[in-house]
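Spelled out, the chains give:
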Amino acid sequence: MAEATLRPPEGPAGPDALDKLSLWDRTPDPTAPLTDRQMDSVLELKAAAEDLPVPAELPIEDLCSLTSLSLPIAQTSVVPESVEDILLKGFTSLEMGEERIETAQQFFSWFAKLQAQMDQDEETKYRQMRDYLSGFQEQCDAILNDVNSALRHLESLQKQYLFVSNKTGALHEACEQLLKEQSELVDLAENIQQKLSYFNELETINTPNFKDYPVYLLKFKQCLSKALHLIKTFTVNTLQNLTNQLLKRDPSSVPNADNAFTLFYVKFRASAPKVRTLIEQIEQRSEKIPEYQQLLSDIHQCYLDQRELLLGPSIACTVTELTSQNNRDHCALIRSGCAFMVRVCQDEHQLYNEFFTKPTSKLDELLEKLCVSLYDVFRPLIIHVIHLETLSELCGILKNEVLEDHVQNNAEQLGAFAAGVKQMLEDVQERLVYRTHIYIQTDIVGYKPAPGDLAYPDKLVMMEQIAQSLKDEQKRVPSDPLFSDVRLEETESNKLTKPGSAESLSPRPQTTVSPADLHGMWYPTVRRTLVCLSKLYRCIDRAVFQGLSQEALSACIQSLLGASESISKNKTQIDGQLFLIKHLLILREQIAPFHTEFTIKEISLDLKKTRDAAFKILNPMTVPRFFRLNSNNALIEFLLEGTPQIREHYLDSKKDVDHHLKLACEQFIQQQTRQFAEPLQGFMAKVSALKTMASQGGPKYTLSQQPWAQPAKVSDLVASVYKTIKAKLPLTLRSMSLYLSNKDTEFILFKPVRNNIQQVFQKFHALLKEEFSPEDVQIIACPSVEQLNLLLSVSK
């Protein structure tokens, strides 16, 4: 009874009961508090129970399963020594150790733990069996899946087998039918061959030596005429019926080009085998017998007439539709139109080869006639195009994309198309040359510069300031993507030609770009000339290009000369000279990569001798000589001496550019030399004149005693020259750097100026040493050569 009372509740309610029991004797706030009297009773029961001995009648086996509290039991004589050992071993096996159970909660916890361990030990063999059976179940499921997959594959194989079996049966039946037809055709061919054997003997017996030759020859001609008429009738009817069938169709049933291709080509190709065999026989005999040649020509004509009747309206309609779709885009129109005609020509040749084995020139005539529809639409558009860019692009399309890429790769099939394209190309080139002449006259020769075009050097200074501000901004904000890619560099339009000319004045080692080098900063006529030449270079013939380039460059040079003169009047002379030098350098550099000669030959008629002879014969003194019968006859002299002469002379645009560039550089050098050393040159000119007068018997002189050559005045003169050099040289170098922006070019251009100034001072030093005393030379205080070189030094 006590054992039943102490057993903890089983099942899910066990832990809840233990938790509730632990709350009964909770120290702070017990759930079932005891009164003082109840507490005294419990203490008395506890004290009485401590000394109770173990009942003697309790079996030893039950001692091991005692579930009472582990209370200290005094050793008495009733419990033998071995029983205690057994109890100790029992509790040791329960892993109690030194643990003591003093409360009901501790006992319930220990008992729940012990019961869980016992349940686990009892369930181990069942879990193992469950895992073992689960493994078998998984294997069975896997085998079942494999079986189902195999059944599906077998079902698919069965369907495929049935499909192949049906196909094989149908193929077998078709083969049997073909074999049957083959046997019938073989029999028919043998019958025909037997009857044709008589005709094959024609060549051996066709000789007038036989008695009845004329009669049989006449009958043969009749039979041959009848047979050829039947062949012609059959072939012509077949072709005409195909055309009529296609023409009778509802036009609305042909919604796009693919359906039209199906109608116009597939139908003919399907019917080609019907007449190809007959045509082959005709072609084989056409070279020997004139009747067959005439028949073949008639069939060709009929075939081509039917194709023209069928394709003519369709091509015209398609070209009209392309024109309406690309009304404003001439390049797209010519691309789409040429692509369409290329496909038509190729398809027609392929279809022709389905019917015939020998070529004919009539096919190309037909295709040329069909291509005329595209030319007729394209030519009116060409004569109204005024933009050089559009015309040059059209030339490039026709010359490069069409003729070189398409026609050259398939010249046999596209020969007729090439003729039409070449005609269109010639029209475009003619229009391009005409518009170029007008462009040169209106936009280059007749160009009126705006104030901004001549705003030099202001616009260069402004662009340089903008570039410098951008560089400063980059330095301040190096990681900002808004400014990291901002550079003053050439645009794509500036790269009209590849640089790399070997001129002495314009080497280009620098990677930085001057504002004057920017394409947008070029003088408009220079930019227009180079753009015009770049568009003409690959579009027209070499001879025509040379003539146009000569005209354009000559006009450009004249416009630069006029602009340079205007800048010199509005600003300074050095600005005008450097403007001219810079743009001539640009012209020279940009035309160098054109692999052509800028030379043209002009032929003129020299009438100078004719004029002189005419004046001579009109002289009254020569009238008596008109009728002399010797070599002194005036008329004979006029005919011999007054013959006009034909003179040839060559114009070279590159040499013209070089000539004006050289002339501009020489003028710049002379002007700068005069600016820096003109007073000294004037002084030495006076001294030279004085020496000349003295050498020619004039009065002797002492230079230092001349009023204008006194040492003090000469000293002032030298000081003013030195001051001028010191003040104006930086401005000159600054202007050269602003316009040229190339250290090598600046050094080459300034070197003659520096040499001239040095020579002037060297001559002046020699003059001072010759004409003045050492004291006067010290008074004059002319700068030494080293001082002058230091002042004139320019870092390269």
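From a predicted model like this one, the values you see are computed outputs, not experimental measurements. (Residues numbered from 1 in each chain as written. Predicted model: local features only at pLDDT ≥ 70, side-chain atom pairs only at ≥ 80, totals over all residues. Heavy atoms only, no water.)

Student: I'd like to hear about the overall build of the chain, residue by residue, with values.
Tutor: Broken down by element type, the chain carries 26 helices and 2 strands. Within the chain, the fraction of its 796 residues that count as buried is 33%. When the accessible area of the chain is evaluated, it comes to approximately 50,300 Å², of which 56% is carbon and sulfur surface. (Helix = DSSP H or I, 4+ residues; strand = E, 2+ residues; numbered from the N terminus. Buried < 20%, exposed > 50% of the residue type's maximum accessible area, 1.4 Å probe, protein only. Areas by Shrake-Rupley, 256 points an atom, 1.4 Å probe, with all protein chains shown as cover.)

Student: Describe the side chain of R435, with residues and values.
Tutor: Note on placement: R435 falls in helix α14 (residues 415-445). Those residues in contact with R435 that lie beyond four places of it in its chain are V385, I386, L388 and L391. (Contact = heavy atoms within 4.5 Å.)

Student: Summarise the confidence of the model for the chain; cite the residues concerned and give the values.
Tutor: Averaged over the chain, the pLDDT score is 79; the fraction of residues at 70 or greater is 74%. Here residues 250-255 scores under 50 on pLDDT; set against residues more than four positions off or in separate chains, the count is 4 contacts. (pLDDT = per-residue confidence, 0-100.)

Student: With reference to specific residues and values, describe helix α17 (residues 524-536).
Tutor: Here α17 is 13 residues long and its end C-alpha atoms lie 18 Å apart, about the 18 Å a rise of 1.5 Å per residue gives. For α17, the set of buried residues is P524, T525, V526, T529, L530, C532, L533 and L536. Looking at the buried side of α17, the elements it contacts are α13 (388-407), α14, α18 (542-570) and α19 (573-591). (Expected span 1.5 Å × (residues − 1).)

Student: A description of the environment of L587 should follow, citing residues and the corresponding values.
Tutor: Assignment of secondary structure puts L587 in helix α19. Spatially, the C-alpha atoms of L587 and I557 are 9.1 Å apart, while their sequence positions differ by 30 residues. Apart from residues no more than four positions distant in its own chain, L587 is found in contact with V526, L530, L553, C556, I557, L560 and V657.

Student: How would you summarise unusual backbone geometry if you had to cite specific residues and measurements?
Tutor: Of the consecutive residues Y456 and P457, the connecting peptide bond is found in the cis state with omega at 0°. Secondary-structure assignment places P457 in the loop between α14 and α15 (458-476). The backbone phi angle of S741 is positive, close to 50°, even though this residue is not glycine. Relative to the helices and strands, S741 resides in the loop between α23 (711-740) and α24 (743-771).

Student: Residues and numbers for the nonpolar core, please.
Tutor: Within the largest apolar cluster, 149 residues are counted, with the highest numbers of intra-cluster contacts made by F417, L587 and I725. Tallying contributions element by element places helix α22 (residues 653-695) first for this core, with 13 residues. (Core = buried A, V, L, I, M, F, W, Y, C linked by side-chain atoms within 4.5 Å.)

Student: Please give an account of the pattern of salt bridges that cites residues and values.
Tutor: According to the stated counting rule, one finds 17 salt bridges in the structure shown. In this structure, the salt-bridge partner of R130 is D131, at a minimum N-O distance of 3.7 Å. The exposure class of D131 is partly exposed, given its relative accessible area of 47%. Between E280 and R276 there is a salt bridge, with the nearest N and O atoms lying 3.2 Å from each other. Placement of the pair is E280 and R276 together in helix α9 (residues 257-285), with a separation of 4 residues, close to one helical turn. Taking relative accessible area as the criterion, E280 reaches 28% and is therefore assigned partly exposed. By relative accessible area, which is 25% here, R276 ends up partly exposed. Here the salt bridges share partners, and the residues they tie into one network are K691, E770 and E771. (Salt bridge = Lys/Arg side-chain N within 4 Å of Asp/Glu carboxyl O.)

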